[in-house]
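Breakdown of the fold
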Amino acid sequence: METRLDLLSLELAKELSHANAAKQQLIAWSTCKMALSHTRLRNSLIDQFLDVTEGKKSVDLPVLRNELLKYAEKLDEVQWNLREEVDNGIETMPNYLQAFTDARVINALYFALDPNPYIAAAESIYETYAATGNLLSLRNIISTIMG
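A quick note: this is a predicted structure, and the numbers were derived from the prediction, not measured.

Describing the pattern of salt bridges
The tally for this structure, following the rule as stated, stands at eleven salt bridges. A salt bridge links Glu11 to Arg139; the nearest nitrogen and oxygen atoms lie 3.9 Å apart. Here Arg139 lies in helix 8 (residues 135-146) and Glu11 lies in helix 2 (residues 10-17), a separation of 128 residues in the sequence. The exposure class assigned to Glu11 is exposed, which follows from its relative accessible area of 56%. Here Arg83 ties to Asp87 by a salt bridge, and the two come within 3.1 Å at their closest N and O atoms. On the criterion of helical spacing, the pair formed by Arg83 and Asp87 is a turn pair, its members being four residues apart in helix 5 (residues 61-87). Taken together, the shared-partner salt bridges connect Arg4, Asp76, Arg104, Glu123 and Glu127 into one network.

Set out below in C-alpha cells:
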C-alpha cells in the first residue's frame with residue numbers, strides 16, 4: 001500500500017509493512033509523542049489523544065480524529081499565511097517554521113488515529129519527520145518497537 005512514507009524511505013515503508021497491526025499502532029503513537037516534543041501546543045485534543053494512547057480513557061475516535069483534522073487545517077492555514085508574510089518581509093522565518101511544525105504535529109496525531117494501522121504508522125512517521133527533520137530518531141523508535 002503506497003503512502004507518503006514511500007517518498008521518505010522505501011526501506012522503512014517495507015519494514016513497517018511487515019509489522020503486525022499492534023506494532024504499527026504503537027509506532028504511530030510513539031512517533032507522535034516524539035512530534036509533540038517539538039511544539040508548545042497543548043489543548044484538550046492533544047490531552048484526549050494522549051489519554052487514548054496511554055490507555056487512560058476511552059474516547060470516540062472518529063470524533064477525535066475529525067476534530068484533529070479541523071485543527072490541523074486551521075494550523076495549515078496559519079502557516080501558509082505566515083509563509084506569505086515572510087515572503088513579503090513582514091514576518092520572521094522562525095515564526096513560520098514553528099507554525100509549520102505545529103501543523104505537522106497535529107497532522108501526525110490525526111493520521112495516528114487512522115483505522116488502518118499501516119496508514120496510521122506510515123503517515124504519522126512522515127508527518128513527524130516533516131515536523132522534526134530527525135529520521136534517525138524515528139528509525140530508533142521503530143527499531144525498538146520492532147524488536
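Additional details are given in the paragraphs that follow.
Topic: the packing of helix 7 (residues 117-132) against helix 8
Two numbers describe how helix 7 lies on helix 8: the axes approach to 9 Å, and their chain directions differ by 150°. Here helix 7 runs over helix 8; the crossing is right-handed. Only Leu135, Leu138 and Ile142 of helix 8 make contact with helix 7, whose side of the interface consists of Ile125, Thr128 and Tyr129. Residues of the contact of helix 7 with helix 8, tallied by class, amount to five nonpolar, one polar and no charged.

Here we look at the environment of Ala120
With respect to the element layout, Ala120 can be found in helix 7. Placed 46 residues apart in sequence, Ala120 and Lys74 show a C-alpha to C-alpha distance of 21 Å. Ala120 has contacts with Ala28, Phe111, Ala112 and Asp114, leaving out every residue within four places of it along the chain.

With respect to the packing of helix 2 against helix 8
In the contact formed by helix 2 and helix 8, the axes pass within 12 Å of each other and the chain directions differ by 20°. One element, helix 2, and the other, helix 8, form an angle in the roughly parallel class. Helix 8 is crossed by helix 2, and the crossing has left-handed handedness. Contacts between helix 2 and helix 8 involve Glu11, Leu12 and Glu15 from the former and Leu135, Arg139, Ile142 and Met146 from the latter. Of the residues assigned to the contact of helix 2 with helix 8, the class counts are four nonpolar, no polar and three charged.

Quick look at the packing of aromatic side chains
Inspection of the entire model under this criterion finds two aromatic pairs. Their ring planes at 40° and their centres at 6.3 Å tell us that Tyr96 and Phe100 sit as a pair that is tilted. Here Phe100 and Tyr96 lie together in helix 6 (residues 93-112), a separation of four residues that amounts to about one turn. Looking at Tyr96, the relative accessible area reads 9%, which means it is buried. Here Phe100 falls in the partly exposed class, since its relative accessible area comes to 24%. Pairing Tyr110 with Phe111 gives two aromatic rings, centres 5.0 Å apart and planes at 65°, and the pair type is edge-to-face.

Side note on the nonpolar core
Residues Leu16, Leu68, Ile106, Leu109 and Ile125 are the most contacted members of the largest nonpolar core, which totals 41 residues. Contributions of two or more residues to this core are made by helix 2, helix 3 (21-36), helix 4 (44-53), helix 5, helix 6, helix 7 and helix 8. With eight residues, the top contributor of residues to this core is helix 6.

Focus: helix 8
With twelve residues, helix 8 ought to run about 16 Å at 1.5 Å a step, and its terminal C-alpha atoms sit 16 Å apart, in line with that. The complete set of buried residues in helix 8 reads Leu138, Ile141, Ile142 and Ile145. Across the axial projection of helix 8, the buried residues extend over an arc of 95°, all falling on one side. Residues of helix 8 that are exposed and angled more than 90 degrees away from the buried face: Leu136 and Thr144. Buried positions along helix 8 lie against helix 2, helix 3 and helix 7. Capping the start of helix 8, Asn134 holds a side-chain oxygen 3.4 Å from the backbone nitrogen of Leu136, two or three residues further along. Of the residues flanking the end of helix 8, it is Gly147, one or two places downstream, whose phi is positive at about 80°.

Rules behind the numbers
Residues numbered from 1 in each chain as written. Predicted model: local features only at pLDDT ≥ 70, side-chain atom pairs only at ≥ 80, totals over all residues. Heavy atoms only, no water. Salt bridge = Lys/Arg side-chain N within 4 Å of Asp/Glu carboxyl O. Helix = DSSP H or I, 4+ residues; strand = E, 2+ residues; numbered from the N terminus. Buried < 20%, exposed > 50% of the residue type's maximum accessible area, 1.4 Å probe, protein only. Axes fitted to C-alpha atoms, helices over the stretch in contact; angles between N-to-C directions. Left-handed = near helix turned anticlockwise from the far one by under 90°. Contact = heavy atoms within 4.5 Å. Nonpolar A, V, L, I, M, F, W, Y, C, P; charged D, E, K, R; others polar. Parallel < 35°, antiparallel > 145°, perpendicular 65-115°, else oblique. Phe/Tyr/Trp six-rings, centres within 6.5 Å; stacked < 30°, edge-to-face > 60°. Core = buried A, V, L, I, M, F, W, Y, C linked by side-chain atoms within 4.5 Å. Expected span 1.5 Å × (residues − 1). Arc of directions from axis to C-beta. Polar contact = N/O pair within 3.5 Å; in protein donor to acceptor, adjacent residues only side chain to side chain.

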